[in-house]
Amino acid sequence: MGRRDGVRLKNVDSMHTIMPLMYPNRCDNEAFITEIIDITNINKYLEKKNADNPVYKYKLFQVIVVTMLKVLTLRPKMNRFITRQRLYQRNEVSAAFTIKKIFADESDEALASIHAKPDDTLDSIHDQIYKQVSFCRSDAKDPSTESMDFLNKLPDWLLQFVGFIARIADRHGWMPKSVIETDPYQHAIVLTNLGSIKLHAGYHHLTNWGTCSVFVVIGDIRKRKFMDEEGNETLKDSVEINLIIDERIADGYYYSRTIQLLKKLLENPELLDRPLSEDVEF
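Quick look at the structure, then. Please read all numbers here as calculations on a predicted model, not as lab measurements.

### Looking at unusual backbone geometry
- For N53, which is not glycine, the phi dihedral falls at a positive 55 degrees.
- Along the polypeptide, N53 turns up in the loop between α2 (40-49) and α3 (60-74).
- With relative accessibility at 58%, the residue N53 sits in the exposed group.
- Non-glycine residue Q85 carries a positive phi angle of around 65 degrees.
- Looking at where Q85 falls in the secondary structure, it is placed in the loop between β3 (80-83) and β4 (86-90).

So, in structure tokens, the structure goes:
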């Protein structure tokens, strides 16, 4: 019985066949990559995008979300996952993140997700995020939160049994489609914008639950020194972006080229006005 969220890859080189057998847990195979990005061009780009005063302004977070979606579209090995020691290619490009309803200690969090299409651009993803944020910050509850609220009311013994069954279903790809669509750890990538709550970028572990192979942590905007080719230093607005990746899904060279593409897109954000599937030279 196949999985509904991915296709098993069978013609895999020996190393990437053996590694999951030796190291079966995703949390034991984390690679950590950190990049400091000069956001001068992004600031200019956002200023132009917001010149018409849209109802929901274009922001750095949206640029990073769309950049990652384009990276996963053009670098398909980044959109793979390993479960039960087998390598799968995910059926879609998707991203998930949490939204704080209001910035207060007592405020609840809601889950948002983007299911991207090859012809999506920054504009179409921006509109999707706006709808998600508006819904999540309303009194309505997203399906994941409603499900968790229901489960939280079950007797402890029954909740433990449901958790046991859920772990089996997760490992074998038997989770209902509704769960896959709304559970953040069933997505290709999870993002957290720590900069929105005035924190520096840090580390966030992957999970053995679900299929997510890439976690992105975004820090706060800070002035940092950048040096040009002549050795002159200039203070510029910048952001730290940390990626935690399951090292078993590709090799170091593939990751290096992927980071080159990520930096190319963030340094030239106008490329995000083009479809996700449109190639980029880097």
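### What to know about a nonpolar patch on the surface
- Together, F161, F164, I165, I168 and W174 make up an exposed nonpolar region whose accessible area comes to about 480 Å².
- I165 gets classed as partly exposed once you look at its relative accessible area, which sits at 40%.

### Looking at the pairing of strand β2 (residues 30-38)
- What you see with β2 is a clean split: A31, I33, E35 and I37 sit on the buried side and E30, F32, T34, I36 and D38 on the side with no burial.
- With nine bridges connecting them, β2 and strand β10 (residues 233-246) associate as antiparallel partners. Looking at β10, one finds that E35 is bridged to I241.

### With respect to the sheet that holds β4
- In spatial order, the strands read β1-β4-β3; together these three strands make up an open sheet with antiparallel pairing. Each end of this open sheet is capped by a strand with a single partner; those strands are β1 (6-8) and β3. Shown here is a sheet whose adjacent strand axes are inclined to one another by a mean of 35 degrees, direction ignored.
- By the bridge criterion, three bridges tie β1 to β4 in an arrangement that is antiparallel.

### Some words on the packing of aromatic side chains
- Overall, the coordinates contain four aromatic pairs when judged by the stated rule.
- Plain terms: the ring middles of F81 and Y88 are 5.3 Å apart, the flat faces sit at 5 degrees to each other, and that makes the pair stacked. Accessibility classification places F81 together with Y88 in one group, the buried group.
- One cation-aromatic arrangement involves R3 over Y88; the distance from NZ or CZ to the ring centre is 5.6 Å.
- Of note, K49 hangs over the ring of Y58, and the distance from its end group to the ring centre comes to 5.0 Å.

### What about the environment of D119?
- By the element assignment, D119 lies in the loop between β6 (109-116) and α4 (122-136).
- Residues D119 and G2, 117 residues apart in the sequence, show an inter-C-alpha distance of 28 Å.

### Considerations on the packing of α3 against helix α8 (residues 252-267)
- Closest axis-to-axis distance for the α3/α8 pair is 10 Å, and the angle between their directions is 140 degrees. By the angle class used here, α3 and α8 are oblique. In terms of crossing hand, the pair formed by α3 and α8 is right-handed. Facing V63, I64, T67, M68, K70, V71 and L74 of α3, the residues of α8 in contact are T258, L261, L262, L265 and L266.
- For the contact of α3 with α8, a count of residues per class yields nine nonpolar, two polar and one charged.

The rules behind these values
- Residues numbered from 1 in each chain as written.
- Predicted model: local features only at pLDDT ≥ 70, side-chain atom pairs only at ≥ 80, totals over all residues.
- Heavy atoms only, no water.
- Helix = DSSP H or I, 4+ residues; strand = E, 2+ residues; numbered from the N terminus.
- Buried < 20%, exposed > 50% of the residue type's maximum accessible area, 1.4 Å probe, protein only.
- Patch = residues over 30% accessible without salt bridge, like charges linked within 9 Å, V, L, I, M, F, W, Y side chains within 5 Å.
- Areas by Shrake-Rupley, 256 points an atom, 1.4 Å probe, with all protein chains shown as cover.
- Salt bridge = Lys/Arg side-chain N within 4 Å of Asp/Glu carboxyl O.
- Pairing = 2+ DSSP bridges.
- Axes fitted to C-alpha atoms, helices over the stretch in contact; angles between N-to-C directions.
- Phe/Tyr/Trp six-rings, centres within 6.5 Å; stacked < 30°, edge-to-face > 60°.
- Lys NZ or Arg CZ within 6 Å of the ring centre and 35° of its normal.
- Parallel < 35°, antiparallel > 145°, perpendicular 65-115°, else oblique.
- Left-handed = near helix turned anticlockwise from the far one by under 90°.
- Contact = heavy atoms within 4.5 Å.
- Nonpolar A, V, L, I, M, F, W, Y, C, P; charged D, E, K, R; others polar.

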